[in-house]
Amino acid sequence: MSKSLQRNGETVLVTGATGYVGAVVAEKLIAAGYAVRGLIRREEQADQLKQAGIEPFIGDVLDAARVAEGAKGAAAIVHTAAPGNPSADGDMQQMITDTANLISSIAETAKANGSRAIVTSGVSLYGHAAGQIFDESSPMSPPFPGADRIADLEADLAKKEAVLFLRLGIVFGRSKGGLIPGYVETIRARGRTALVSPDHRMSVVNVDDAADLYLAMLEDDTPPPIVNAVSAIISWPDVAALVAQASSVPNDPEVLGPQEAMMLGGPAVYMPMDMAVSGNLARDTLGWRPNAPTFEDVLLNISSGVAE
């Protein structure tokens, strides 16, 4: 296991430093006393980083040599950037290939530098819980075609302690951030909430609590190689009730088929599955104590027009 960080000015390379999760991670790293170098794709993003006290480094996250250059002298790499989205004609397999190559290159760079690396992943890799609650020891059965390749790669690299993986639940929090505000607007326009099954659940985490967990994994001497960032498990009927209140529509969920539900976008992409994942390992081994506004608080604030 690579050495833990000590809050003494060490440099951390953050990919996706202008993104929803990456920007909050970078903010908390700086507040904790670290220097942050942010990998960004476009020159016009540089001023945004400089204003936040972040050293900009221009490069495509899929360019392994460029990422390795950006990681020189860094004590750690925190990877939060997505390699891209499926194209309009649905090239999901290319995205999976890019993701696998990216994870492998980050592991190689971290090994060459002797630095600690955290790669952002997602709890959807566990698949359909069917009434259970999954944890880090549970077998994975990803719901998306080809995603088993990512699950297998993560398991292999974690076993070798080549890189740490932080598997995020559905991220919410901070005004206008994440998937939730857009989903509220979708339901408001639709005029009715939806669900696939009243038995399905959703695992969530506030972006501030998630960012705290990245820091805990950087600073612990022997962190678990795979950690779930989940602060709460919420049933979809409860989600529907909260979204109904936030969007000012009746709480009368329409039961949809899986494909219909996924077309709603945002967190509804996961509505067809029972996503129930425990975050207890982070609490027990890393002392993680989520204390940011809860999912319920955030939805109620949206309904009242209060920023989170």
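Quick caveat: nothing in here was measured; it's all calculated off a predicted structure.

S.K.: Describe the side chain of Lys28, listing the residues and the values that go with them.
M.R.: Here Lys28 lies in helix α1 (residues 20-31). For Lys28, a relative accessible area of 18% gives the class buried. Within polar-contact distance, the side chain of Lys28 engages the side chain of Asp212 at 2.9 Å. Setting aside chain neighbours within four positions, we find Lys28 in contact with Asp208, Ala211, Asp212 and Leu215.

S.K.: Quick rundown of the nonpolar core? Include the residues and the values.
M.R.: Phe165, Tyr183, Met271, Phe295 and Leu299 are the most contacted members of the largest nonpolar core, which totals 62 residues. Of all the elements, helix α4 (residues 92-113) adds the most residues to this core, at 7 residues. With sequence-adjacent residues up to four places away left out, Phe295 is seen in contact with Phe172, Ile180, Met202, Val204, Ile234, Val239 and Leu242. Listed in part, the 38 residues of the second largest apolar core include Ala17, Tyr34, Ile118 and Ala216.

S.K.: Explain the sheet that holds strand β3 (residues 55-58) to me, using residue names and the numbers behind them.
M.R.: Overall, parallel pairing links the 7 strands, which are arranged β3-β2-β1-β4-β5-β6-β10 in an open sheet. Bordering the open sheet on either side are β3 and β10 (226-229), each of which pairs with just one other strand. Each strand axis lies, on average, 25° off the axis of its neighbour in the sheet, ignoring direction. Packed onto the sheet, helix α5 (residues 148-159) meets β5 (116-122), β6 (164-168) and β10 and runs at close to 140° relative to β6.

S.K.: How would you summarise the packing of α1 against helix α7 (residues 207-219) if you had to cite specific residues and measurements?
M.R.: Where α1 contacts α7, the two axes come as close as 9 Å, and the packing angle between them is 55°. Classified by the angle between their axes, α1 and α7 sit oblique to one another. Viewed along their axes, α1 and α7 form a crossing whose handedness is right-handed. On the side of α1, the interface is formed by Tyr20, Val21, Val24, Val25, Lys28 and Leu29, while α7 contributes Val207, Asp208, Ala211, Asp212, Tyr214, Leu215 and Leu218. Here the residues of the contact of α1 with α7 are counted per class, giving 10 nonpolar, no polar and 3 charged.

S.K.: Give me the pattern of salt bridges: which residues, what numbers.
M.R.: For the structure on display, the rule yields 14 salt bridges. With a closest N to O distance of 3.3 Å, Arg42 and Glu44 form a salt bridge. Glu44 sits in the exposed class, given a relative accessible area of 59%. Where Glu254 meets Arg190, a salt bridge forms, and the shortest distance between an N and an O atom there is 2.4 Å. Residue Glu254 is located in strand β12 (residues 254-255), and its partner Arg190 is located in helix α6 (residues 180-190); the two are separated by 64 residues in the primary sequence.

S.K.: Kindly report on the environment of Ala26, identifying the contributing residues and their values.
M.R.: Along the polypeptide, Ala26 turns up in helix α1. Linking Ala26 and Arg37, residues 11 residues apart in sequence, is a C-alpha distance of 8.7 Å. Sequence-distant contacts of Ala26, defined by excluding residues within four places in its chain, comprise Val36 and Ile54.

S.K.: Give me the lowdown on the packing of aromatic side chains, citing residues and values where you can.
M.R.: Across all of its chains, the model carries 3 aromatic pairs by this definition. With a centroid separation of 6.2 Å and an interplanar angle of 70°, the aromatic rings of Phe144 and Tyr270 are classed as edge-to-face. One end of the pair, Phe144, is in the loop between β5 and α5; the other, Tyr270, is in the loop between α9 (258-262) and α10 (280-286), with 126 residues separating them in the sequence. The class for Phe144 is partly exposed, based on a relative accessible area of 24%. Given the relative accessible area of 22%, Tyr270 is considered partly exposed.

S.K.: Could you give an account of the sheet that holds strand β9 (residues 201-206), with specific residues and numbers?
M.R.: Pairing within the open sheet is mixed, and its 3 strands lie in the order β7-β9-β11. Edge strands, defined here as strands with exactly one partner in the open sheet, are β7 (170-172) and β11 (232-235). Ignoring which end each strand starts from, the neighbouring axes of this sheet average 40° apart. One ladder, built from 3 bridges, connects β7 with β9; its direction is parallel. When the sheet's bridge partners are listed, Ile170 is paired in β9 with Val204. The strands touched by helix α8 (residues 236-247) within the sheet are β9 and β11, with β11 carrying the most contacts at an inclination of about 80°.

S.K.: Now, about the pairing of β10: what can you tell me, with residues and values included?
M.R.: Burial of β10 is two-sided: the residues Ile226 and Asn228 facing one way and the residues Val227 and Ala229 facing the other way are all buried. Summarising the sheet, β6 and β10 pair through 4 bridges and their orientation is parallel. Pairing of Leu168 across the sheet is with Ala229, part of β10.

S.K.: Which residues make up the pairing of β9, and what are the values?
M.R.: Most of β9 is tucked away, with 6 of its 6 residues classed as buried. Of the strand pairs in this sheet, β9 and β11 are connected by 4 bridges, and their pairing is antiparallel. Across the sheet, the residue bridging to Val204 is Ala232, located in β11.

What counts and what doesn't
- Residues numbered from 1 in each chain as written.
- Predicted model: local features only at pLDDT ≥ 70, side-chain atom pairs only at ≥ 80, totals over all residues.
- Heavy atoms only, no water.
- Helix = DSSP H or I, 4+ residues; strand = E, 2+ residues; numbered from the N terminus.
- Buried < 20%, exposed > 50% of the residue type's maximum accessible area, 1.4 Å probe, protein only.
- Polar contact = N/O pair within 3.5 Å; in protein donor to acceptor, adjacent residues only side chain to side chain.
- Contact = heavy atoms within 4.5 Å.
- Core = buried A, V, L, I, M, F, W, Y, C linked by side-chain atoms within 4.5 Å.
- Pairing = 2+ DSSP bridges.
- Axes fitted to C-alpha atoms, helices over the stretch in contact; angles between N-to-C directions.
- Parallel < 35°, antiparallel > 145°, perpendicular 65-115°, else oblique.
- Left-handed = near helix turned anticlockwise from the far one by under 90°.
- Nonpolar A, V, L, I, M, F, W, Y, C, P; charged D, E, K, R; others polar.
- Salt bridge = Lys/Arg side-chain N within 4 Å of Asp/Glu carboxyl O.
- Phe/Tyr/Trp six-rings, centres within 6.5 Å; stacked < 30°, edge-to-face > 60°.

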